[in-house]
Amino acid sequence: KNAKARTYFRRYHRQLGIFTSIFMLMFAFSGAYHATTKFDPGKETPVAYRPILKASSLRIEPRHLNLFWDRLQNISVVAMKKDTLYQVSYQGTEDYPEETAYYNTHDGALLENGDVVYAKFLTRKFAYGKDTDMQVPECCVRPNEESNGPVEILDTEKVYHFTREYSFANKRLPVIKVSVKSADNKRYFIETTHSLLAARVNDADMREGYSFAFLHKFFFMEWAGKGIRDFTMAVSALAVLIVSLLGLAILFKK
C-alpha cells in the first residue's frame, strides 16, 4: 500500500515539478536578488537637509508678500547657500497646477524656477555625502564618488506619479528627478517640501527593479490586466506549494 502511494505521489510530484520549475527559478532568483540589495542600510534611508535658521534673517513677514492666498497650502523657511527663503506651497486647482514658490526673506523677491533651483542645490548636498547640516544615521553615511569633484547636473523632471524608476515603495509625491553625470547614471529624487532625498537610483537599481517586477511580480503579463496577472501569479505560487507538499508526502511515506 505504501509503495503504491509513493508511486502516486512521485508521479504527480515529477509531472507538476517539471511544469513549475520555471516559476520556482523565477521566484527564487528574483527574490534572492531583491533581498541582497537590502544589505546596504543607507539605500533605504531618506536623508534630510536641516540647516540652522536664524530669526534675524527673516527681514520681511510672509503677510507682506504678494501671494495667491486663496491657493495657499503651507509656508516654511529654507536655506540655500547664503540665502534664506520662504517656501510657499500652493494647492492645485482646475486652472492651476500644484506648485511651490520661493521668496527671499530679505526683500521678498521671487526666485525664478525656484523649486528646480532648490532641488539642484539639495542634490549637490546629498551627492557630497556627509554634511554637518544633514540628518542621516551614522550607519548610512558613505563616501560618494561625486565628492571628488563638482556634480554635473544633466537634467531635471517633476514627477507627479509613481513609475518603474520611482516606485510606490518610496511613498513621497511630488518629487523632482535630478539626473547627474556619473559612471552608473545616478538619479536623485528630491522632495523639496521637506528637503529630503526620497530616493537615489542608478543603473544597477534599475536592473534589480526590472528583475523583481518581471520575474517575481509577473509584470510581463501587464498586457492582460492586473486581475489576470495577479491570478496567474497566485496559481504559479500555488503550484510551487503543491510540489513542495507532494515532496514532503513522499518523504513521510518512506
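Right above here is the structure, for reference.
Residues numbered from 1 in each chain as written. Predicted model: local features only at pLDDT ≥ 70, side-chain atom pairs only at ≥ 80, totals over all residues. Heavy atoms only, no water.

> So what's going on with the pairing of strand S8 (residues 187-191)? Which residues, and what values?
Most of S8 sits inside the fold, with five of its five residues counted as buried. Residues Arg187, Phe189 and Glu191 point to one face of S8 and Tyr188 and Ile190 to the other, with burial holding for every one of them. As paired strands, strand S7 (residues 175-180) and S8 are joined by four bridges and run antiparallel to one another. Across the sheet, lysine 177 pairs through a bridge with phenylalanine 189, a residue of S8. Linkage of S7 to S8, two consecutive antiparallel strands, is achieved through a turn of six residues, within which asparagine 185 is found at a positive phi near 55°. Taken together, the five bridges between S8 and strand S9 (residues 196-201) define a ladder with antiparallel strand orientation. (Buried < 20%, exposed > 50% of the residue type's maximum accessible area, 1.4 Å probe, protein only. Helix = DSSP H or I, 4+ residues; strand = E, 2+ residues; numbered from the N terminus. Pairing = 2+ DSSP bridges.)

> An account of the pattern of salt bridges is needed here, citing residue identities and associated values.
Across all of its chains, the model carries nine salt bridges by this definition. With a closest N to O distance of 3.9 Å, lysine 181 and glutamate 152 form a salt bridge. Here the residue lysine 181 occupies a position in the loop between S7 and S8, and glutamate 152 occupies one in the loop between strand S5 (134-135) and strand S6 (153-159), the gap between them amounting to 29 residues. The class for lysine 181 is exposed, based on a relative accessible area of 54%. A relative accessible area of 42% places glutamate 152 in the partly exposed class. Several salt bridges converge on common partners, so that one network encompasses Glu165, Lys177 and Arg187. (Salt bridge = Lys/Arg side-chain N within 4 Å of Asp/Glu carboxyl O.)

> I'd love a proper account of the layout of surface pockets, names of residues and values included.
Of the pockets and cavities examined, the second largest pocket occupies roughly 320 Å³. Considering the residues around the second largest pocket, the lining is formed by 20 residues, among which Glu99, Thr100, Ala101, Asn113 and Gly114 are closest to the centre. For the lining of the second largest pocket, the elements supplying multiple residues, two or more each, are strand S4 (99-104), helix H2 (114-127) and S6. Taken together, the residues of the lining of the second largest pocket break down into 10 nonpolar, four polar and six charged. (1 Å grid on protein atoms, 1.4 Å probe; cavity = no way out; pocket = protein on both sides within 12 Å on 5 of 7 lines; lining within 4 Å. Points joined across faces, edges and corners; volume = space filled by probe spheres on them. Nonpolar A, V, L, I, M, F, W, Y, C, P; charged D, E, K, R; others polar.)

> Tell me about unusual backbone geometry, and please be specific about residues and values.
Following leucine 173, the chain continues to proline 174 via a peptide bond in cis, the omega torsion being -10°. Note that proline 174 resides in the loop between S6 and S7. Located in the positive-phi region is asparagine 185, a residue other than glycine, with phi close to 55°. With respect to the element layout, asparagine 185 can be found in the loop between S7 and S8. Classification of asparagine 185 as partly exposed rests on a relative accessible area of 38%.

> Requested: an account of H2, with residues and values cited.
Counted at 1.5 Å a residue, the expected span for H2 with its 14 residues is 20 Å, and the 20 Å between its end C-alpha atoms agrees. Across the 14 residues of H2, 11 count as buried, placing the element largely inside the fold. Among all positions in H2, only Gly114, Asp115, Val116, Tyr118, Ala119, Phe121, Leu122, Thr123, Lys125, Phe126 and Ala127 are buried. (Expected span 1.5 Å × (residues − 1).)

> Outline the packing of aromatic side chains, listing residues and values.
Applying the stated criterion across every chain, the model contains six aromatic pairs. Residues tyrosine 102 and tyrosine 118 carry aromatic rings whose centres are separated by 5.6 Å and whose planes lie at 50° to one another, so their mutual orientation is tilted. Linking tyrosine 102 in strand S4 with tyrosine 118 in helix H2, this pair joins segments that are 16 residues apart in sequence. When sorted by exposure, tyrosine 102 lands in the same class as tyrosine 118, which is buried. (Phe/Tyr/Trp six-rings, centres within 6.5 Å; stacked < 30°, edge-to-face > 60°.)

> Please give an account of the side chain of serine 89 that cites residues and values.
Counting through the fold element by element, serine 89 comes out in strand S3 (residues 83-90). Beyond its immediate stretch of four places on either side in the chain, serine 89 contacts Arg71, Leu72, Gln73, Asn74, Glu99, Thr100 and Thr193. (Contact = heavy atoms within 4.5 Å.)

> I'd like a rundown of a nonpolar patch on the surface, residues and numbers included.
Together, Leu238, Leu241, Ile242, Leu245, Leu248, Leu251 and Phe252 line one region of the surface with nonpolar side chains, adding up to about 690 Å² of accessible area. Here leucine 251 is to be found in helix H4 (residues 226-253). (Patch = residues over 30% accessible without salt bridge, like charges linked within 9 Å, V, L, I, M, F, W, Y side chains within 5 Å. Areas by Shrake-Rupley, 256 points an atom, 1.4 Å probe, with all protein chains shown as cover.)

> Provide a residue-level description of the sheet that holds S3, including the pertinent values.
Strands sit in the order S2-S3-S4 across an open sheet of three strands; the sheet is antiparallel. Two strands close off the open sheet at either side, each with one partner strand: strand S2 (72-80) and S4. Put simply, the sheet's adjacent strands are angled 25° from each other on average, direction ignored. In the sheet, S2 pairs with S3 via eight bridges, with the strands oriented antiparallel. Among the inter-strand pairings, asparagine 74 is bridged to a residue of S3, identified as serine 89. The sheet contacts of H2 involve S2, S3 and S4, and relative to S2 the element is tilted by about 40°. (Axes fitted to C-alpha atoms, helices over the stretch in contact; angles between N-to-C directions.)

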